[in-house]
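Below are the chains, spelled out letter by letter.
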Amino acid sequence: MSRPFKSDLVIQEYICEPTLKAYHIGFDQKQFRLQPLVDIVRNVIPEFSLGYHCGTSIPLTEIISRLKEAAQIVYLTDKYQNRGEFGELILHLLLRDFQNTIPLISKIYFKDSHNVPAHGFDGVQVTITGDKKKLWLGESKLYKTGVRDLAEDIKKHVNADYLRREFSLISKKLPESIPEIEYWRSLMDEHQKLDVIFSNIVIPMVCTYNSDLFKNHCEESNKYFEDFISECTALCKTFDKLKGNVSTEVILML
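Residues numbered from 1 in each chain as written. Predicted model: local features only at pLDDT ≥ 70, side-chain atom pairs only at ≥ 80, totals over all residues. Heavy atoms only, no water.

Chemist: Mind showing me how you'd approach the overall build of the protein chain here?
Modeler: What the protein chain contains, in helices and strands, is 10 helices and 9 strands. Here the protein chain holds 254 residues, and 47% of them are scored as buried. Across the protein chain, the fraction of contacts at a sequence separation of at least 24, relative to all contacts at a separation of at least 6, is 72%. Of the accessible surface of the protein chain, which amounts to about 13,400 Å², a share of 51% is contributed by carbon and sulfur atoms. (Helix = DSSP H or I, 4+ residues; strand = E, 2+ residues; numbered from the N terminus. Buried < 20%, exposed > 50% of the residue type's maximum accessible area, 1.4 Å probe, protein only. Contact = heavy atoms within 4.5 Å. Areas by Shrake-Rupley, 256 points an atom, 1.4 Å probe, with all protein chains shown as cover.)

Chemist: Would you explain the sheet that holds strand β9 (residues 249–253) in this entry?
Modeler: Within a sheet, neighbouring strands are paired by backbone hydrogen bonds and run either parallel or antiparallel to one another. Pairing is mixed across the open sheet formed by 7 strands, whose spatial order is β1-β2-β9-β8-β7-β6-β5. Strand pairing shows two members of the sheet lacking a second neighbour, β1 (12–17) and β5 (102–105), which therefore form its edges. The average angle at which neighbouring strand axes cross in this sheet is 25°, direction not considered. Pairing of β1 with strand β2 (residues 20–24), which is carried by 5 bridges, proceeds in the antiparallel orientation. Paired with Cys-16 across the bridge in β2 is Lys-21. (Pairing = 2+ DSSP bridges. Axes fitted to C-alpha atoms, helices over the stretch in contact; angles between N-to-C directions.)

Chemist: In this structure, what is going on with the pattern of salt bridges? I would like to understand it.
Modeler: Two side chains with opposite charge may pair up if their charged atoms get near one another. For the structure on display, the rule yields 9 salt bridges. Lys-134 is the salt-bridge partner of Glu-249, the closest N and O atoms lying 3.9 Å from each other. Within this pair, whereas Glu-249 is found in strand β9, its partner Lys-134 is found in strand β7 (residues 132–141), the two being separated by 115 residues in sequence. Residue Glu-249 is classed as partly exposed on the basis of its relative accessible area of 35%. Judged by relative accessible area, which is 15%, Lys-134 ranks as buried. (Salt bridge = Lys/Arg side-chain N within 4 Å of Asp/Glu carboxyl O.)

Here is the structure:
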């Protein structure tokens, strides 16, 4: 699998199940690997802010100014002060490097002003594997109780009215260079059957949070990984209980 941000030396997908993915950063010299994690997340900013399809068309003479623009889009928002955009950067990273997705649009790039957050799904990406195509509509939270809010988001967002409103906005902004663009336009058409839509979307729900694991461990011991699995499994059970039955594919990513 191609990893655009080459995060596999920093982030490990330690739990990989159909409905649960859990990511481990770990330690080096008995210290949490914060700086490597910061470096990887920072590398996501240009693509996240400006859009995946801008990456092939920025002249060398404009690189510095476009990087500045990308950073300002993220950091000059009220939402950043509440760490919201940081969670969306992590969502973008995990989908790109571990789910082999292609960004469809950059939601943040279409904001009307710095202090108006981009509403709707936090990430809109796609996968194309042979004849199998999936639209990934992601949400992110940046606190431990976020699994409860993510479960509520499922109830609010996985319904006909919400999806059709989102599709109406997204379909008008698709770059012409998107692979299989006519397929995505057809999927988002106002007259598309809901059965078709629900069977062709994936809802990745990312919760990034502070964990007591790092108060109790400073190395990657067997006990650390046992506690890691136990914590993630418990959070997944809470999420599954709260979200109830959903008519489409949902993945919790911790």
